[in-house]
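Residue-level listing of the chains:
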Amino acid sequence: MSEILCQWLNQELKVSRTVSPKSFAKAFSTGYLIGEVLHKFELQGDFSEFSESRTSTAKLNNFSRLEPTLHLLGVQFDQNVAQSIITEQPGAATKLLYQLYIALQRKKKSGLTGLEMQTMQPLTNLRLQNMRSEAFREQRLSRRRQNEIMAQIQAAIIQIPKPASNHTLKALEAQKMMKKKKGAEDVANEIKKFEALIKKDLQAKESASKTSVDTTGPMTTDLLNTYSDDDYIKKIQKRLEEDAFAREQREKRRRRLLMDQLIAHEAQEEAYREEQLINRLMRQSQQERRIAVQLMHVRHEKDVLWQNRIFREKQYEERRLKDFQDALDREAALAKQAKIDFEEQILREKEIHEQIAVERAQARYKKHYAVCAEILDQILDLSTKVADYRMLTNNLIPHKMMHDWKELFFNGKPIYEQASIKQIAAKPTEEQLIELEKRDLLDSNDYDDYKNMVGEWALPEEMAENLPPSNNCILGHVLHRLVEKSLPPQVESTEPELLSSSVKGCVLGKTFSGKTTTLKSLQKDFPVKILSIDTLVQEAIQAYHDNEKVSEASSIPQEDRKEDQLTVRAQLGAKSEQLLKKGKSIPDMLLVNIMVNAINGIPVNQNWILDGFPMTLNQAQLLEETLTGCNRYLMEAEGKAAQISTLAVDPTTSKEVPLPSSAFDFVILLDISDNSSLSRMNDVMAEEFSRVISHEDTSEHAAAESQHVDVDPNLRDQIQHRIIGFLDNWPLLEQWFSEPENILIRINAEIDKNSLCQKVKEIFATEIMKKKNKVEKRLEEKEAEKKAASLAEPPPPTPPLPPEPEKEKETHQQRDPSKTPPAKGKPQSGSPKGKPPGGKVQVKKSPVGSTDIPPTPVAPPPPKPGSEEWVYVNEPIPEEIPSFLVPYWELIENSYINTIKTILRHLREDQHEVLKYLYEITTSFQEFLRRPDHKQDFVAQWQADFNSFPDDLWEDEETKAELHQRVNDLRDRLWDICDARKEEAEQERLDIINESWLQDSLGITMNHFFSLMQAELNRFQDTKKLLQDYYRAMERKIPIDDSKRFTRIPLIRLDSKDISENQLRIPLVPRISISPETGVPRPKLKAILKGKIDYSLENVQTNFEADERLVMDTWQQASLAISNMVAAEIHQRLIEEDKENQPAESKEKSPQMSTNKKGKKENEPPKNKKEDKHGKGKSPPVAEAAPVVFTAEEIAEIEKKNELRLRIKEEHLAALQFEEIATQFRLELIKSKALSVLEDLITKVVDIYKLMEKWLGERYLNEMSSVEKLTEVARYHIETATKIQNELYLNQEDFFINGDIKVFPDPPLPKRPPPVEKEEDGTLTIEQLDNLRDQFLDMAPKGIIGSKAFTDILLDLMTLNLGTNNFPSSWMHLTQPELQELTYLLIVNSEFVDWRKFLLVTALPWPIPLEEELLETLQRFKAVDEEQMGTVTFEQYMQAGLWFTGDEDIKIPENPLEPLPYNRQVHLIEFFFRLFADYEMDPPQLDYTQMLLYFACHPDPVEGVYRALSVAIGTHIFRKVEGPVMTAEKTSSTDLSPVEGYVETEENAEREKREFAEEKEERDQKEVDIPENANTEKISMETLLRVFRGGSEVKDANRFTSHLKRENIYAESFMKVFQELETKDLEPIEVAVLLKHPFIQDLIANYPDYKIPDIKMILQRSVHVAGSDGERSPSRLTEEKK
């Protein structure tokens, strides 16, 4: 806006002083320029009264005069506006000027004057303005008067320091009065004189007017009468009227002047009267004047003091207000800065949290990436392993291998072998440890499959029906009892379980998740104790500081308690403080002890909740162990350790021990996000900060808040670590609180406070109800158990009654133990200890109590040993029996498991070895079949001999017969080679078949299976020995020392070494091999040798049959050994019973003999004879016992012993039979597996042998076929009498004619003729151009030739063109006038012709360059011209290149005799060098600037001159376009030819011109916007002369040389131009300046040398005339013929 006002003031109004935006306020502060502006618009008539002075009086005068005018324009102006403009306040003057500008523009449009505007205003406004102006003037006058009065008073005070004498004063006063009176009289006299003069003048005027009127009357009549001219009279009358009106106006002005003088005089009189009044007041006595002066002094001093006091108080108040405001501002600034710092701290914390989250995410990503990479590597390893074995097994991978690889993959083990474990050092490497883990994993899986009979050891269909029991329950019970006896006794707690209805829980969550807040709210509504670990630690440390001691009422006895002993809490606080002082953290155990100590202090029935504890898994485990006394992990480990046996399990003790309940009834997680936690912390910190600021004045609050200030920074520093710690520990805590029983409750804590507290209260109330119901249920269960126990107590029956039914059952089952095998029972799941159903039956039958009642027919069958109803015999055994039987069983089990694993590992490894061996023999046999032969040598020799025959003998029949014979010989020789190779391959196959590998592999495999049978046999023998020792110990018998050696299954002897029997621990049997001659063939062969009988495999078949028989024999031997051992054990038991029963026969003959008959009948067949024998030999004891048996108690004891012995025997034999059946089943499974493995191995090997035979036969047939193909090719060439040029290739079974190798070379190809340029459309060829150049160069070496000479040369060349071929045929039609016209187009300065320009034009078509392309080419030439000489050689010329390269897509003709197409552009580039180069220099040099000046020519001559200037200077010269130009520049992609398109019509030519004009206009429109710094380059005189030619003299060596010497016609003009442009010594001048000179502009507009002449028009016309003339002159026809 200020710029607009400055432009308006400086340019339109042209004020006296130039105004700028920077000095705007200063320029208008005096008001002078405002008055000048108003004066310009004829609104300020008193502008002459304005002053340019910058004093305050001048400014006041100016603005007081401006006020009414501004108000008249409607501009807001008052004292405040004037004050702001005078004080140069920013924007005040600008605002006023802008309002003035608007008002003046409005006035200018309306065309009103100031007076008209004043009259048009309302009367009230006018009066108001007048009143304001009058008030302003009166105010100004009153101020002036007051100033004068005060000056006089001051002068009086200063002049009268003390009272003077009365005489002097009176005299002075009298003199003054006289002077004043005299002055007044003088003034009155002057006034009277003036009034008298005025009256005289008035009277004289009146008399004169009367006389003139009187005299004019007759004069006018006379005149009228005399002249009677009305017009003249009217003029006189009009003049008289005007004079009268003028007199009246003069009189009015005079009267106005008099009135003004009177008013002024009255004002002077008023002033005089005031002065007189002052003088009268001053005319007092001396004393009064002194008093007045003193009073005035006192009053003035009082006023000064009062003003000073008021001023000082005001200053004090302002100072206080300022200090207070400064304090407020400072506090606000500090608070604002603190707020900014707080926000920055929040942002930093968020950034830190985000960074930590990113790091955690990156760590998690790296972890997952590493896991995925490891899995991917394992997948790749598995894939490659599968691919490798697909090659080994012909895409048929065994299921077992794939299963093992999958197990390794699923367990994260590497598939490939990492290191060899055949020789392991004392400290194995990491790779070896991995391999050992892999081996153990596979061994365990194989053992599990073997044990559970799944996978590779799955049962065949015929064995699945007779599945034996999977567990020997009796053996499991025996082992369990032995282990319990060997372990130390566990002391069971006798304390009764206390049932409490108190609810125990904890609330967990991140920092600021609302734990403490919700618990405080919960504590208000429920009687619950809140325990916070931070508070408890502080209280413990405080208790230590307070020296808290144990009270006397404590439960510790006085004698055990030390004096002044600290409490437990104080001791824990002491330990905590000790650690904290060292800078260490409190360990979890100490924290748990502090927490447990606080929990123990809570009453039993009170609820308690932990606030934010436990925080880690270790704390949770320690807290639960301390509160419950149980460790969950230890109990699980003990439960696993209790199951010592894996081969036999006691179903009654296999139940899992229930884990103890958790220490908490519920765990609440207040779930909240990290950002919410941070935001809550920031909110709390902000609230605390605002509270500190608002209440900083109170000391109490400051003391209270100092604690918060101490805590909050720590919390701010710890918040990130707390969040990270919670995120790290929570997954483990979540699993801990969810696994046994899910007590975890999640709550979304990102809600408002009241809702969260309400949710927690609801959950707590629900948990209270659950705990109450649980306690009530437990109490009810306990009462029910007590009632059941009281009801279950049996009445006191007679002791002998209960054993009788048990004895009957036992004897009934013992009757035929061999015929009744144990039940094919299902796996027993367990039964209650010592409470079989038989016991309940006894309780029900006890009231009967009669021994004579026979058993009822509905009684259940007797229980079988091992069943759920069976009651195991748990008689006491000696203490030393478990001590050696338990380690013995562990040895049995470990030996069995390790042996099985080792054997299965060897079987697994043998499977890999078999596959590798089979792959090796197949690959080696294939390589043997592909061994090199020498057939190609014979074929090459025959081909050489065949091609060496002379050409004249090819058609001879005898020669052909000879050649056929040679072919037959070659074929026979090649067939012999094939037969020999076949025999060698068959022998190789037989050698592979007859190797001992198959027999050794079969023997090793059978030995592995025999070892499995031996392991099962060993286990059975050891188990039998353990059961025998256990049951004999219960019978109080000494264990039998079995001196017999264990049964050994013989293995196959694989080598032929002689080993003595003493050196053998395991018996060996020789390998049975049956030869084909001695073996009896079976009528029915197995599926192994299906199809055609191969006699080489008969030995394999017979040996397999022998191996099969050997396996069967070994299995029968092992099975028979087990049966014999069981029979021997039963026999041994019977013998011992007979020995024990023999002395007791006499005692059994008692009245109660009938009760034992059933027990005796069970063993009648084996016992009768023995009893008879024993009875005969031991009759005396019977006689002695007769009088001894007289009481029923002794008889009952004897019967009880017999019953116990029968039960032990029955249980022992049942366990043994269980083991026998299981072992027999295992042996049969091993036998069937061994036969299947052997059969599978034989099948694989036989398949490989058959595959070898197939390969051998196919290869032999292919070789024979290739020989036949060779023979056919040879016979074809013999019959066609042609040589075989390409090599005949015969290698093994492949035959082909190799087209890449030729036996003799091809005949040479004819050479392609060089390319030749043809005449097309009258265009001169390169050869014609070179001829013209040579002729013109001889005539005019400098390039300038006379116009007439040029025309004569062309005419001579055309008329004498006899075989020279200087011009195309179309040029022959040109006549002499046409040649002269052509010369005229090429004339330079009306005398000479530039023949280089002529050749350049006739060489068209070539791409006409753009100006940018010319400049780029110039830069390339300068870059090549390192010495900056301005010339280049041919090599440099070709290196720089032109704007076109000459690369064209040349189609090579298929005919080799046809020449290649002629590349005209490449030859044109070379021709241009020859055209413009100076061949007088060695080597020839080319002035590239001069050449580019030729190429700057253009159809528009002006454009050509600008292009030439650009080339000469080296940069683009901008052209100022004044009007449209009707020519256009062709781009580099368009070519101009003078002769092409001769048949075009005039319409086409005009259309092309229009297109050129349109393109030119578009380009000119783009070039209109010339930049400001355009054409700033400088140009010298030499460059200017070079552009406008004529700078050098013509020195042609011809007859016209003397006449062609000339000087540059523009040199003098250029010098004048440079002088006119004020250049010193013709120094270079800017192009922009030069182009503005009229001479240069005229020269550029009229210079024709840079125009491309249009010779196309002449040639077109010539061809048209030559084609249209029907009649020609004979001379013309002869010329055309020539």
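Predicted, not measured: the structure shown is a model, and the values here were computed from it.

### With respect to the overall build of the protein
Here's step 1: On a plain count of helices and strands, the protein comes out with 51 helices and 17 strands.
Here's step 2: Here the contacts in the protein between residues at least 6 apart in sequence split such that 78% fall between residues at least 24 apart.
Here's step 3: Carbon together with sulfur atoms contributes 54% to the accessible area of the protein, which is approximately 103000 Å² in total.

### Examining the side chain of Ser-1266
Here's step 1: In this fold, Ser-1266 is placed in helix α35 (residues 1192-1280).
Here's step 2: The residues touching Ser-1266, leaving out its near neighbours within four places in the chain, are Leu-1290, Gln-1292, Glu-1293, Asp-1294 and Phe-1295.

### Observations concerning a positive patch on the surface
Here's step 1: Taken together, Lys-205, Arg-247, Arg-250, Lys-252, Arg-253 and Arg-256 make up a surface patch of like positive charges.
Here's step 2: Element by element, the count of residues in the positive patch is highest for helix α10 (residues 230-282), at five residues.
Here's step 3: By the secondary structure assignment, Arg-253 is in helix α10.

### Some remarks on unusual backbone geometry
Here's step 1: Look at the link from Phe-613 to Pro-614: it is a cis peptide, with omega at 5°.
Here's step 2: Put simply, Leu-1404 and Pro-1405 share a cis peptide bond, and its omega is 15°.
Here's step 3: Unusually for a residue other than glycine, Gln-1292 sits at a positive phi of about 55°.
Here's step 4: The class of Gln-1292 is buried, set by a relative accessible area of 10%.
Here's step 5: Unlike most non-glycine residues, Gln-1428 shows phi in positive territory, near 55°.
Here's step 6: Looking at the secondary structure, you find Gln-1428 in the loop between α40 (1411-1424) and β13 (1431-1432).

### Describing the sheet that holds strand β14 (residues 1477-1478)
Picture the strands of a sheet paired through backbone hydrogen bonds; they go either parallel or antiparallel.
Here's step 1: Pairing is antiparallel in the open sheet, where three strands are placed in the order β13-β15-β14. A single partner strand is all that each edge strand has here, and the edge strands are β13 and β14.
Here's step 2: One ladder, built from two bridges, connects β13 with strand β15 (residues 1485-1487); its direction is antiparallel. In the sheet register, Val-1432 faces β15, and the bridge partner there is Leu-1486.
Here's step 3: Its contacts with the sheet put helix α43 (residues 1488-1495) on β13 and β15, and the angle it makes with β15 is roughly 50°.

### What to know about helix α16 (residues 515-525)
Every α-helix carries 3.6 residues per turn, so stepping three or four residues along brings you back to the same face.
Here's step 1: Turning to α16, its buried residues number three or more, namely Lys-515, Thr-518, Leu-519, Ser-521 and Leu-522. Angularly, the buried residues of α16 cover 160° about the axis, an arc narrow enough to put them on a single face. In α16, the exposed residues that point more than 90 degrees away from the buried face are Lys-520 and Lys-524.

### Some words on helix α37 (residues 1347-1359)
Here's step 1: Under the 1.5 Å per step criterion, the end-to-end length of α37 is 18 Å for 13 residues, consistent within 8% with the ideal 18 Å.
Here's step 2: When α37 is considered as a whole, its buried residues turn out to be Ser-1347, Ala-1349, Phe-1350, Thr-1351, Ile-1353, Leu-1354, Leu-1357 and Met-1358.

### Digging into the environment of Ala-543
Here's step 1: Here Ala-543 lies in helix α17 (residues 533-545).
Here's step 2: With a relative accessible area of 4%, Ala-543 lands in the buried category.
Here's step 3: Each C-alpha atom, one on Ala-543 and one on Leu-572, is 9.4 Å from the other, the two residues being 29 residues apart in sequence.
Here's step 4: In this view, Ala-543 contacts Glu-548, Arg-569 and Ala-570; residues no more than four positions away in its chain are not counted.

### Quick notes on the pattern of salt bridges
Oppositely charged side chains can pair when the atoms bearing their charge come close.
Here's step 1: Scanning the entire structure with this criterion turns up 40 salt bridges.
Here's step 2: In this structure, Glu-270 engages Arg-273 in a salt bridge whose closest nitrogen and oxygen atoms are separated by 2.6 Å. In this pair, Glu-270 and Arg-273 both sit in helix α10, three residues apart, roughly one turn of the helix.
Here's step 3: Residue Glu-270 is classed as partly exposed on the basis of its relative accessible area of 37%.
Here's step 4: We note a salt bridge from Lys-770 to Glu-767, for which the minimum N-O separation is 3.9 Å. Of the two residues, Lys-770 and Glu-767 both sit in helix α24 (residues 753-792), three residues apart, roughly one turn of that helix.
Here's step 5: A single salt-bridge network, built from bridges that share partners, covers Lys-400, Asp-404, Asp-443, Asp-446, Arg-905 and Arg-908.

### Things to note about the packing of aromatic side chains
Here's step 1: Tallying each qualifying case throughout the model produces 42 aromatic pairs.
Here's step 2: Each ring, one from Phe-1336 and one from Phe-1398, has its centre 6.1 Å from the other, and the planes form 80°; the classification is edge-to-face. Taken together, the residues span a long stretch of sequence, with Phe-1336 in helix α36 (residues 1326-1339) and Phe-1398 in helix α39 (residues 1395-1402) at a distance of 62 residues. Judged on exposure class, the residue Phe-1336 and its partner Phe-1398 are both buried.
Here's step 3: Here the aromatic cluster, defined as three or more aromatic residues joined through ring pairs, consists of Trp-1406, Trp-1443, Phe-1444, Phe-1471, Phe-1472, Phe-1476, Tyr-1494 and Phe-1495.
Here's step 4: Between the NZ or CZ atom of Lys-1231 and the centre of the ring of Trp-1115, over which it lies, the distance is 4.6 Å.
Here's step 5: Above the ring of Trp-457, the side-chain terminus of Lys-1233 is found at 5.9 Å from the ring centroid.

### Topic: the sheet that holds strand β5 (residues 744-748)
Here's step 1: If you walk across this open sheet you meet the five strands as β2-β3-β1-β4-β5, and the pairing is parallel. At either margin of the open sheet sits one strand with a lone partner, and together these are β2 (528-532) and β5. Across the sheet, the axes of successive neighbouring strands diverge by a mean angle of 20°, strand direction being ignored.

### Brief notes about a negative patch on the surface
Here's step 1: Among the surface-exposed residues, Glu-776, Glu-780, Glu-781, Glu-783 and Glu-785 lie close enough to one another that they form a single negatively charged patch.
Here's step 2: Structurally, the position occupied by Glu-776 is in helix α24.

### A word on the pairing of strand β3 (residues 607-611)
Here's step 1: In terms of residue burial, β3 counts as a mostly covered element, since five of its five residues are buried.
Here's step 2: Residues Asn-607, Ile-609 and Asp-611 line one face of β3 and the alternating positions Trp-608 and Leu-610 line the opposite face, and both faces are buried.
Here's step 3: Looking at chain direction, strand β1 (residues 504-509) and β3 are connected through four bridges and run parallel. Bridged to Lys-504 within β3 is Trp-608.
Here's step 4: For β2 and β3, the ladder comprises five bridges, and the chain directions are parallel. What sits directly across from Leu-531, in β3, is Leu-610.

### Some remarks on the packing of helix α3 (residues 32-40) against helix α6 (residues 92-110)
To describe two helices that pack against each other, one gives the angle between their axes and the distance between the axes.
Here's step 1: Between α3 and α6, whose axes approach to 12 Å, the crossing angle comes to 5°. Of the possible angle classes, the one that applies to α3 and α6 is roughly parallel. Residues Ile-34, Val-37 and Leu-38 of α3 touch α6, and the partners they reach there are Leu-96, Leu-97, Leu-100 and Leu-104.
Here's step 2: Partitioning the contact of α3 with α6 into residue classes produces seven nonpolar, no polar and no charged.

### Re the packing of helix α12 (residues 399-410) against helix α13 (residues 430-452)
Here's step 1: Orientation of α12 relative to α13, taken along the N-to-C sense of each, is 125°, at an axis distance of 10 Å. The angle between the axes of α12 and α13 places the two elements in the oblique class. Crossing of α12 over α13 shows right-handed handedness. Contacts between α12 and α13 involve Lys-400, His-403, Asp-404, Glu-407 and Leu-408 from the first element and Lys-438, Leu-441, Leu-442, Asn-445, Asp-446 and Asp-449 from the second.

### Notes on the confidence of the model for the protein
Here's step 1: Scored by pLDDT, the protein has a mean of 75; 74% of the residues are at 70 or more.
Here's step 2: Averaged over each element, pLDDT in the protein is lowest for helix α26 (residues 837-845) (36) and highest for helix α29 (residues 957-993) (91).
Here's step 3: Below a pLDDT of 50 lies the segment residues 696-711, which in the model reaches eight contacts outside its immediate sequence neighbourhood of four places, other chains included.
Here's step 4: Overall, residues 1591-1606 carries pLDDT values under 50, and its contacts beyond four positions in sequence, including any with other chains, amount to 23 contacts.

Calculation notes
Residues numbered from 1 in each chain as written. Predicted model: local features only at pLDDT ≥ 70, side-chain atom pairs only at ≥ 80, totals over all residues. Heavy atoms only, no water. Helix = DSSP H or I, 4+ residues; strand = E, 2+ residues; numbered from the N terminus. Contact = heavy atoms within 4.5 Å. Areas by Shrake-Rupley, 256 points an atom, 1.4 Å probe, with all protein chains shown as cover. Patch = residues over 30% accessible without salt bridge, like charges linked within 9 Å, V, L, I, M, F, W, Y side chains within 5 Å. Salt bridge = Lys/Arg side-chain N within 4 Å of Asp/Glu carboxyl O. Lys, Arg positive; Asp, Glu negative; His and termini not counted. Charge placed at Lys NZ, Arg CZ, Asp CG, Glu CD. Buried < 20%, exposed > 50% of the residue type's maximum accessible area, 1.4 Å probe, protein only. Pairing = 2+ DSSP bridges. Axes fitted to C-alpha atoms, helices over the stretch in contact; angles between N-to-C directions. Arc of directions from axis to C-beta. Expected span 1.5 Å × (residues − 1). Phe/Tyr/Trp six-rings, centres within 6.5 Å; stacked < 30°, edge-to-face > 60°. Lys NZ or Arg CZ within 6 Å of the ring centre and 35° of its normal. Parallel < 35°, antiparallel > 145°, perpendicular 65-115°, else oblique. Nonpolar A, V, L, I, M, F, W, Y, C, P; charged D, E, K, R; others polar. Left-handed = near helix turned anticlockwise from the far one by under 90°. pLDDT = per-residue confidence, 0-100.

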